[in-house]
Amino acid sequence: QTRKKKIIGIEPDVHGQKKDGTIFPMHLSVSSFEILGQRFFAGIVHDLSTRSRLEGEVSRQSALFHAVFDYVPEPLIITNIDGHISLVNPAANQVFGYADEDLIGLDATVLFDDPSECIRLAVEFENGAEAFTIGNQPVPVQFKRKSGEAFPGRLSAAVIRNSNGDNTGTLRLIRDMTQ
């Protein structure tokens, strides 16, 4: 349908049509070869329907994550396995007084009035805890703003695991109890 003469070696992602008329995404690889002076073409078709469906699901889940993460009115801090901040939501910027670029990459201890409190929580996770609360209630902690001002807060935290079950970091939800 494209009327393009050259498709050999291009390996385009195109749409194919199945015998029943269904249109599907595919990867097409075409080559030519000669046998006894006669030219032949070989085509390999990879059906990309599953990949396309998975990409759509990942996109949907990413949009959902960003909607929740960006609009939760309480600070959310994601740290990597080494305890360095990798992502913060707008509420964290507002409560702690930092811009994203000031926080990303810093050790999470900068948010605690007593850095040993942060380290204690990290040890809890190393010992197998999946979440950090006391009787399903957030833990009281003293935090510190960029200005140096200490303030009371409550902390809930959970381990982030990848699809293999490996610990990849921590999600912290913080409630500013100043008021």
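Note that the coordinates shown come from a computational prediction; the quantities given were computed from them, not determined experimentally.

A. Focus on the overall build of the chain. In terms of helices and strands, the chain carries four helices and nine strands. Mapped in sequence order, the helices and strands of the chain form the string β-β-β-α-β-β-α-α-α-β-β-β-β. The buried share of the chain, taken over its 179 residues, is 28%. A separation of at least 24 residues holds for 34% of the contacts in the chain among residues at least 6 apart in sequence. Surface exposure of the chain reaches about 11900 Å², of which carbon and sulfur atoms provide 54%.

B. Layout of the environment of Arg51. For Arg51, the position within the fold is in helix H1 (residues 49–71). Arg51 sits 25 residues away from Met26 along the chain, and the two C-alpha atoms are 9.7 Å apart.

C. Up close: the sheet that holds strand S1 (residues 13–17). Here three strands make up an open sheet; going across it, the order is S1-S2-S3 and the pairing antiparallel. The open sheet has two edge strands with one neighbour each: S1 and strand S3 (38–47). Pairs of neighbouring strands in the sheet enclose a mean axial angle of 55°, with direction left out of account. The pairing of S1 with strand S2 (residues 23–35) spans five bridges and is classified as antiparallel. Of the residues in S2, the one forming a bridge with Val14 is Met26.

D. How the structure looks around the pairing of strand S7 (residues 139–144). In S7, alternate side chains face the same way, and those of Val139, Val141 and Phe143 are buried while those of Pro140, Gln142 and Lys144 on the opposite face are not. For S7 and strand S8 (residues 150–161), the ladder comprises six bridges, and the chain directions are antiparallel. Looking across to S8, one finds that Gln142 is bridged to Pro152. Following S7, the chain reverses through five residues before pairing antiparallel with S8; Gly148 in that reversal takes a positive phi of roughly 100°.

E. A look at the nonpolar core. Core analysis: the biggest nonpolar cluster contains 19 residues, and Ile77, Ile85, Phe96, Leu111, Phe112, Phe143 and Leu155 have the highest contact counts within it. Of all the elements in the fold, those that place two or more residues in this core are strand S5 (85–88), helix H2 (90–96), helix H4 (115–126), S7 and S8. Apart from the residues lying within four places of it in its own chain, the contact partners of Phe96 are Pro75, Leu111, Phe143, Lys144, Arg145, Lys146, Phe151 and Ile174.

F. Inspection of the environment of Asn89 at higher detail. If you trace the backbone, Asn89 turns up in the loop between S5 and H2. Judged by its relative accessible area of 0%, Asn89 falls in the buried class. Residues contacting Asn89, with those up to four places away along its chain left out, are Phe69, Val72, Glu74, Pro75 and Leu76. Here the side chain of Asn89 touches Leu76 through a polar contact of 2.9 Å, landing on its backbone nitrogen.

G. How the structure looks around the environment of Ser116. In this fold, Ser116 is placed in helix H4. Reaching out from Ser116, the side chain makes a polar contact with the side chain of Asp114 at a distance of 2.7 Å.

H. Here's a closer look at the packing of aromatic side chains. Scanning the entire structure with this criterion turns up six aromatic pairs. Centroid distance Phe65 to Phe69: 5.1 Å. Interplanar angle 20°. Geometry classified as stacked. Residue Phe65 and its partner Phe69 are located together in helix H1, separated by four residues, close to a single helical turn. Accessibility expressed as a relative area gives 3% for Phe69, which makes it buried. Judged by centre distance (5.9 Å) and plane angle (85°), the rings of Phe96 and Phe143 are edge-to-face. You can see Phe96 sitting in helix H2 and its partner Phe143 sitting in strand S7, a full 47 residues away along the chain. In this structure an aromatic cluster arises from ring pairing among Phe96, Phe112, Phe143 and Phe151. Above the ring of Phe24, the side-chain terminus of Lys18 is found at 5.2 Å from the ring centroid. Cation over ring: Arg145 sits above Phe151, and NZ or CZ is 3.9 Å from the ring centre.

What counts and what doesn't
Residues numbered from 1 in each chain as written. Predicted model: local features only at pLDDT ≥ 70, side-chain atom pairs only at ≥ 80, totals over all residues. Heavy atoms only, no water. Helix = DSSP H or I, 4+ residues; strand = E, 2+ residues; numbered from the N terminus. Buried < 20%, exposed > 50% of the residue type's maximum accessible area, 1.4 Å probe, protein only. Contact = heavy atoms within 4.5 Å. Areas by Shrake-Rupley, 256 points an atom, 1.4 Å probe, with all protein chains shown as cover. Pairing = 2+ DSSP bridges. Axes fitted to C-alpha atoms, helices over the stretch in contact; angles between N-to-C directions. Core = buried A, V, L, I, M, F, W, Y, C linked by side-chain atoms within 4.5 Å. Polar contact = N/O pair within 3.5 Å; in protein donor to acceptor, adjacent residues only side chain to side chain. Phe/Tyr/Trp six-rings, centres within 6.5 Å; stacked < 30°, edge-to-face > 60°. Lys NZ or Arg CZ within 6 Å of the ring centre and 35° of its normal.

So far we have only geometry, and geometry alone does not tell us how the molecule works.
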